[in-house]
Amino acid sequence: MTAARPTVVIVGAGFGGLRAAKALRGAPVNVVLVDRHNYHLFQPLLYQVATAGVEPGQIARPVRAILRAQKNFEFRLCEATGVHLAQRRLDTAVGPLSYDYLILAIGGETNFFGLDGIRRHGFGLKDISDAVKIRNRVLESFELAMLEPDAERRRAHLTFVVVGGGPTGVEMAGSLAELIRLVLVKDYPRLNLNDTRVLLLEANNRLLTAMPPKLGLAAGDTLWHKHVEVRFGASVVDFDGERVCLKSGEVIPARTLVWAAGAQACTLSAGLDGLATARQGRIVVQETLQVPGHPEVFVIGDAAYMEHDGQPLPMMAPVAIQQAETAAANVRRLVAGQPPVAFRYKNPGELATIGRNAAVAHVRGIQFKGFVAWVVWLVVHLIQLIGFRNKMFVMMSWAWDYFFYERAVRLITPR
């Protein structure tokens, strides 16, 4: 690293932060990537960790290993705690870090909408620890059900509620239902399968609202065939660890609730004094992804608020990746004394899998579903995984599950 060069600090090693660091390879800058974890996580497959399909290490890779060949790169394992914009200084848990340019790719976190009971007793699905906790709870529930003499309590242990009809909720519910009916039924032959329930609760009137209505209907039909109870207009207002309370007054006895009903920008964005925020705590940015009044600061990914066709850009990996490319290009342009360029989003399409041989897809105006969409989903996710080793292990895990109806990671691990 060269001392005379400008320093670009990137906060967050998710899809946006990692792509921005890569895009600055060979640029006349020093790149410092800061994250509280030492790995990049492929979040779209977290639900498969939660349902015992893959190991956590198969969807994560150390940041240093990914970028070890990049000469102008440095990684620091620490948590960012605040930004002093006037001083161009990032505060971290291990001390301050000065920058010439800052790219905030801090990502998102679960939005519980102020429902404290769900925050304390439910499960989000944003990181490896969340996924492992869900996997432990599901497997522990079956063990506890084996020991429970009371029929009502046993059914509560075996009732699993997923809240949110977006891609995460649909994929989680479908995979959980298959884990129970194709795998765990063999591990627990003494349990009555009729005691198990998987419910997908959606407050709106359809699933996958980002996709055409026809695909949302297809996803719902497929989930019903996989024995998932899909309910619309079902707003959850509380969960105490034993009962799920709906706005309608209905109470569902259940010990497990997975919350996939919302996301918001990470809490760091709320601590940035003087920066305007919009819905979900996202920071308002200009077309160039710069912060108004601070042209040296860029915000990308889930933390950035920008509208496209009158709607805020979705909190999805393709948005973060494309914004990272633009932000990195604009840093290069500013260093060279050139004006920045505007960001233009190109929608690559939407995919959601619903389990074995079933998925829905909307790509470049074309809608398709079933086995073909499922194969497309498999290929796209394998390609996007970082590291040949991870691709091979995930492909082997999927093949093992597909041909032998086995989930290889049915382990209850220490918390």
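Preceding block: the structure.
Residues numbered from 1 in each chain as written. Predicted model: local features only at pLDDT ≥ 70, side-chain atom pairs only at ≥ 80, totals over all residues. Heavy atoms only, no water.

## Observations regarding the pattern of salt bridges
Pairing between side chains of opposite charge can happen when their charged atoms approach one another. Under the defined criterion, the tally for this structure stands at 21 salt bridges. Taking the shortest distance from any N to any O, the salt bridge between E296 and R88 comes out at 3.7 Å. You can see E296 sitting in strand β21 (residues 294-299) and its partner R88 sitting in the loop between β6 (80-84) and β7 (89-92), a full 208 residues away along the chain. The salt bridge partner of R89 is D91, with a shortest N-O separation of 3.3 Å. Each member of the salt-bridge network shares a partner with another, and the members are E178, K226, R356, D401 and R407. (Salt bridge = Lys/Arg side-chain N within 4 Å of Asp/Glu carboxyl O. Helix = DSSP H or I, 4+ residues; strand = E, 2+ residues; numbered from the N terminus.)

## Things to note about unusual backbone geometry
One non-glycine residue, A52, lies in positive phi territory at about 65°. Along the chain, the position of A52 falls in the loop between α2 (46-50) and β4 (60-62). One non-glycine residue with positive phi stands out, namely L208, at about 50°. Turning to its location among the elements, L208 is positioned in the loop between β12 (197-202) and α8 (213-225).

## Some remarks on the side chain of R154
Secondary-structure assignment places R154 in helix α6 (residues 151-157). Leaving out residues up to four positions away in the same chain, R154 has contacts with A145, E148, P149, L191 and D195. (Contact = heavy atoms within 4.5 Å.)

## Looking at the pairing of strand β11 (residues 159-163)
Where burial is concerned, most of β11 is hidden: five out of the five residues are buried. A two-sided burial pattern is seen for β11, the buried positions comprising T159, V161 and V163 on one face and F160 and V162 on the other. Relative to β12, β11 is paired through five bridges, and the arrangement is parallel. Residue V161 lies in a different strand from β12, and its bridge partner there is L199. Across four bridges, the pairing between β11 and strand β17 (residues 256-259) is parallel. Counterpart to V162 in the pairing with β17 is V258. (Buried < 20%, exposed > 50% of the residue type's maximum accessible area, 1.4 Å probe, protein only. Pairing = 2+ DSSP bridges.)

## Observations regarding the sheet that holds strand β16 (residues 251-253)
Read across the sheet, three strands follow the order β14-β15-β16 without closing on themselves; strand pairing throughout is antiparallel. Since the sheet does not close on itself, it has two edges, and those belong to β14 (236-239) and β16, each with one partner. Strand-to-strand twist in this sheet, taken as the mean axis angle between neighbours without regard to direction, amounts to 20°. (Axes fitted to C-alpha atoms, helices over the stretch in contact; angles between N-to-C directions.)

## Comments concerning the side chain of T288
Turning to its location among the elements, T288 is positioned in the loop between β19 (283-284) and β20 (290-291). Classification of T288 by relative accessible area gives buried; the value is 13%. Polar contacts involving the side chain of T288 include one to the side chain of Q290, which spans 2.6 Å. When neighbours within four sequence positions are excluded, T288 is seen to be in contact with F298, N330, P340, V341 and A342. (Polar contact = N/O pair within 3.5 Å; in protein donor to acceptor, adjacent residues only side chain to side chain.)

## Topic: the layout of surface pockets
Approximately 350 Å³ is the volume attributed to the second largest pocket. Surrounding the second largest pocket, 23 residues form its lining, Q48, W374, L378, W398 and D401 being those nearest its centre. Of all the secondary-structure elements, those providing two or more residues to the lining of the second largest pocket are α2, α7 (167-187), β25 (350-355), α10 (371-384) and α11 (388-404). Ranked by residue count, the leading element in the lining of the second largest pocket is α11, at seven residues. Of the residues in the lining of the second largest pocket, the class split is eleven nonpolar, seven polar and five charged. (1 Å grid on protein atoms, 1.4 Å probe; cavity = no way out; pocket = protein on both sides within 12 Å on 5 of 7 lines; lining within 4 Å. Points joined across faces, edges and corners; volume = space filled by probe spheres on them. Nonpolar A, V, L, I, M, F, W, Y, C, P; charged D, E, K, R; others polar.)

## Structural notes on the packing of helix α5 (residues 128-147) against α7
For the pair α5 and α7, the least separation of the axes is 13 Å and the interaxial angle reads 40°. Relative to α7, the crossing made by α5 is right-handed. Taken together, the residues of α7 that come into contact with α5 (itself represented by I134, V138, L139 and F142) are M172, L176, L179, I180 and L184. (Left-handed = near helix turned anticlockwise from the far one by under 90°.)

## Thoughts on α10
Under the 1.5 Å per step criterion, the end-to-end length of α10 is 20 Å for 14 residues, consistent within 8% with the ideal 20 Å. Taken together, the buried positions of α10 are occupied by A373, W374, W377, L378, H381 and L382. End-on view of α10: buried residues confined to an arc of 165°, all on one side of the axis. Looking at α10, the residues exposed on the side facing more than 90 degrees away from the buried face are V372 and I383. At its buried positions, α10 is contacted by α2, α7, β25, β26 (358-363), β27 (366-369) and α11. (Expected span 1.5 Å × (residues − 1). Arc of directions from axis to C-beta.)

## A word on a nonpolar patch on the surface
On the surface, a nonpolar cluster with roughly 450 Å² of combined accessible area is contributed by F371, V372, V375, V379 and I383. The topology assignment puts V379 in helix α10. (Patch = residues over 30% accessible without salt bridge, like charges linked within 9 Å, V, L, I, M, F, W, Y side chains within 5 Å. Areas by Shrake-Rupley, 256 points an atom, 1.4 Å probe, with all protein chains shown as cover.)

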